[in-house]
Amino acid sequence: MKILAYITNSWSDGPEYITQCPIQPGGRFRQKIIFSSEEGTLWWHAHSEWWRATVHGAIIIHPKKGTKYPFPLPHAEVPIIFGEWWKQDILAIYDETIFTGGAPNVSDAFTINGQPGVLYPCSKPDTFKLKVDHGKTYLLRLINSAVMDILFFAIAKHNVTVVGTDGSYTKPLDSSYVTISPGQTIDVLLKANQKSDHYYMAARAYSAAPGVAYDNTTTTAILEYNGNYTPSSSPSLPNLPYFNNTNASVSFTSSLRSLADKNHPVSVPINITKRLFFVISVNTFPCPNNSCAGPNGTRLATSVNNISFVNPYIDILQAYYGHINGVFGTNFPDFPPYLFNFTAEDLPLYLETPRHGTKVKILKYNTTVELVFQGTTLVGGNDHPMHLHGFSFYVVGMGLGNFDKDKDPLGYNLVDPPLMNTIDVPLDGWTAIRFTANNPGVWFMHCHFDRHMTWGMDMAFVVKNGKGRKAHILPPPPDMPPC
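In this text the structure is predicted, and so the values were computed from the model without any measurement. (Residues numbered from 1 in each chain as written. Predicted model: local features only at pLDDT ≥ 70, side-chain atom pairs only at ≥ 80, totals over all residues. Heavy atoms only, no water.)

Considering the overall build of the protein
Here is step 1 of the chain: Counting secondary structure elements, the protein contains four helices and 27 strands.
Here is step 2 of the chain: In terms of overall size, the protein behaves like a compact globule, its C-alpha atoms giving a radius of gyration of 22 Å where 483 residues would be expected to give roughly 23 Å.
Here is step 3 of the chain: Counting only C-alpha atoms and orienting by the principal axes, one finds that the protein spans roughly 70 × 60 × 55 Å.
Here is step 4 of the chain: Counting over 483 residues, the protein shows a buried share of 59%.
Here is step 5 of the chain: Accessible surface, the protein as shown: approximately 20500 Å² in total, 52% of it carbon and sulfur.
Here is step 6 of the chain: Counting 36 positive and 37 negative side-chain charges, the protein places the averaged centre of each group 9 Å from the other. (Helix = DSSP H or I, 4+ residues; strand = E, 2+ residues; numbered from the N terminus. Rg over C-alpha atoms; globule rule 2.2 N^0.38 Å. Buried < 20%, exposed > 50% of the residue type's maximum accessible area, 1.4 Å probe, protein only. Areas by Shrake-Rupley, 256 points an atom, 1.4 Å probe, with all protein chains shown as cover. Lys, Arg positive; Asp, Glu negative; His and termini not counted. Charge placed at Lys NZ, Arg CZ, Asp CG, Glu CD.)

Some details on the pairing of strand 3 (residues 56-61)
Here is step 1 of the chain: Alternating residues of strand 3 divide into Gly 57, Ile 59 and Ile 61, all buried, and His 56, Ala 58 and Ile 60, none buried.
Here is step 2 of the chain: Relative to strand 3, strand 2 (residues 40-45) runs antiparallel, the two being bridged by six bridges. Of the residues in strand 3, the one forming a bridge with His 45 is His 56. (Pairing = 2+ DSSP bridges.)

Some words on the nonpolar core
Here is step 1 of the chain: Counting residues in each nonpolar core, the largest one holds 72 residues, and the members touching the most others are Leu 140 and Phe 278.
Here is step 2 of the chain: Setting aside residues up to four positions removed in sequence, Leu 140 forms contacts with Val 78, Ile 80, Leu 130, Ile 155, Ile 186, Asp 187, Val 188 and Leu 190.
Here is step 3 of the chain: The next biggest cluster of nonpolar side chains, apart from the first, holds 16 residues, and it includes Ile 314, Ala 319, Phe 444 and Ala 460. (Core = buried A, V, L, I, M, F, W, Y, C linked by side-chain atoms within 4.5 Å. Contact = heavy atoms within 4.5 Å.)

What about the layout of surface pockets?
Here is step 1 of the chain: Volume-wise, the largest pocket comes out at about 950 Å³.
Here is step 2 of the chain: Forming the walls of the largest pocket are 35 residues, and the residues nearest its centre are Ser 37, Glu 38, Ser 168, Pro 265 and Leu 419.
Here is step 3 of the chain: Elements with a minimum of two residues in the lining of the largest pocket: strand 10 (168-175), strand 22 (393-400) and strand 25 (429-437).
Here is step 4 of the chain: Of all the elements, strand 25 adds the most residues to the lining of the largest pocket, at three residues.
Here is step 5 of the chain: Along the lines of polarity and charge, the residues of the lining of the largest pocket split into 16 nonpolar, 13 polar and six charged. (1 Å grid on protein atoms, 1.4 Å probe; cavity = no way out; pocket = protein on both sides within 12 Å on 5 of 7 lines; lining within 4 Å. Points joined across faces, edges and corners; volume = space filled by probe spheres on them. Nonpolar A, V, L, I, M, F, W, Y, C, P; charged D, E, K, R; others polar.)

Digging into the packing of aromatic side chains
Here is step 1 of the chain: This structure, assessed with the given rule, holds 22 aromatic pairs.
Here is step 2 of the chain: When the centroid spacing of 5.1 Å and the interplanar angle of 15° are considered together, the rings of Tyr 214 and Phe 243 count as stacked. Of the two residues, Tyr 214 sits in the loop between strand 13 (198-206) and strand 14 (218-225) while Phe 243 sits in the loop between strand 14 and helix 2 (246-254), which places them 29 residues apart along the sequence.
Here is step 3 of the chain: Looking at Tyr 214, the relative accessible area reads 24%, which means it is partly exposed.
Here is step 4 of the chain: Exposure remark for Phe 243: the relative accessible area of 22% places this residue in the partly exposed category.
Here is step 5 of the chain: Measuring from centroid to centroid gives 6.0 Å for Phe 435 and Phe 461, while their planes differ by 70°, and the two rings are edge-to-face. One end of the pair, Phe 435, is in strand 25; the other, Phe 461, is in strand 27 (residues 458-463), with 26 residues separating them in the sequence. For the residue pair Phe 435 and Phe 461, the accessibility class agrees, reading buried in each case.
Here is step 6 of the chain: Taken together, the ring pairs connect Phe 278, Phe 332, Phe 391, Phe 435, Trp 443 and Phe 461 into an aromatic cluster.
Here is step 7 of the chain: The ring of Phe 449 carries the charged tip of Arg 451 above its face, separated from the ring centre by 4.9 Å. (Phe/Tyr/Trp six-rings, centres within 6.5 Å; stacked < 30°, edge-to-face > 60°. Lys NZ or Arg CZ within 6 Å of the ring centre and 35° of its normal.)

A word on the state of the cysteines
Should the sulfur atoms of two cysteines be covalently bonded, the bond is a disulfide.
Here is step 1 of the chain: Throughout the structure, instances matching the rule amount to two disulfides.
Here is step 2 of the chain: With its sulfur 1.9 Å from that of its partner, Cys 21 forms a disulfide with Cys 483. Here Cys 21 and Cys 483 share a disulfide; its torsion about the S-S bond, 90°, makes the bridge right-handed. Linking Cys 21 in the loop between strand 1 (2-3) and strand 2 with Cys 483 in the segment after strand 27, this pair joins segments that are 462 residues apart in sequence.
Here is step 3 of the chain: One disulfide in the model links Cys 287 with Cys 292; its S-S distance is 2.0 Å. Where Cys 287 bonds to Cys 292 through sulfur, the torsion about that S-S bond is close to -90°, and the disulfide is left-handed.
Here is step 4 of the chain: Looking at Cys 292, the relative accessible area reads 15%, which means it is buried. (Disulfide = S-S within 2.5 Å.)

Overview of the side chain of His 158
Here is step 1 of the chain: The residue His 158 is located in the loop between strand 8 (150-155) and strand 9 (160-165) in this model.
Here is step 2 of the chain: The buried category is assigned to His 158, whose relative accessible area is 3%.
Here is step 3 of the chain: In this structure the side chain of His 158 is engaged in a polar contact, spanning 2.8 Å, whose partner is the side chain of Tyr 225.
Here is step 4 of the chain: Filtering out sequence-adjacent residues up to four positions away, His 158 remains in contact with Leu 190, Lys 191, Asn 193, Gln 194, Tyr 199, Leu 223 and Tyr 225. (Polar contact = N/O pair within 3.5 Å; in protein donor to acceptor, adjacent residues only side chain to side chain.)

Re the sheet that holds strand 8
Here is step 1 of the chain: The mixed open sheet is built from five strands, whose spatial order is 6-14-13-8-11. The open sheet is flanked by strand 6 (129-132) and strand 11 (178-180), the only strands paired with a single partner. Averaged over all neighbouring strand pairs, the angle between strand axes comes to 25°, with direction disregarded.
Here is step 2 of the chain: Inspection of the sheet shows strand 8 paired to strand 11 by three bridges, in the antiparallel sense. (Axes fitted to C-alpha atoms, helices over the stretch in contact; angles between N-to-C directions.)

So, in structure tokens, the structure goes:
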């Protein structure tokens, strides 16, 4: 199980073969979660194969006693969990993807709080309804637990005000829609200030990658005002951005800002001691007799700096803590082996084939890191919602095209960048983050499209111990799952 938060106990982080081996059927493992400064909405989920499609839940962290929200107290708080649903068992989808080497079948529906909504006859009677009183304000805690898709979300004839993301408060941002990546949480305030009626809440996929199949369905819920009135016979759907509107996605995300006030200060690393440039790509491996289901008979893959991650036979944390040799390499590259026009339309085919590897990046305690993610157009390219375990990071920059190391840092936001743990790297674009490596342990980094994670868009950081007991990895608990 994985908690999407900055936890300080690597043994309880959860990803299989990174910090533990999978919990076996009938097995038990008690996880000790130590939060740091998070406040707002987080979530937990399974981190084995694609089980998180159904094994997940919300974590809500209220203000400490004696403190309050940095916005007026809402009338009520409501979790809104977006999901993804297949008619098949999710493990069967996973197994077929591994066996064929092709892309997985797209989902049959998205869900809001477990229901596809009124557009599906089987779900219409049980469609989620949010009942509100006119004039009241509601805190909606949005969680995208979808396995494969970034989502656009909106409420007909209502704007929302973003006030938090990934367990950290933001400056208020009024918007007619929200873009939310898988793995991400966003807190919004909804003012019930329209005519008393029924209004659709709706979400659908954002998918701009050319030639990539996606679930083109729309999930709905109903915003229902309390009171005596005759509702409209057919409520209108909200105006969601078009499915491939990259500008809408980037515009929303790049507008987020940390609250950055005296009660919620920011601590953006300024003096950087380690600069990393990670090229993240969709790739292919050749198959005998072109027998796989990927492009031209290949097997689909992904990579970070041309390394497609391979799970070891025991977890990396156990091997690192116990000084077990031969499980992982420590030479993960700071930069890609090839520099090329990453976002060109036609790239040489040899660039599509990465190397397999199980490599980590070693960081000294308190290293200040700047990491630039660069997307590519290899195999058509794609968005990549990147998630880093063990840390929240500041998103200091984002753009389309190739990152320019001389010009783009001049536009970094070092004053009030959002503090997040999951951030989209846009199609044919780049994203820059900064964090301080002050959490000793082994910490997974991966794309939160589960197919990309499975195909190899992963790596791990090992943060060495610092000085003092609190700067050391805790000893393993006695009930660690066996490998």
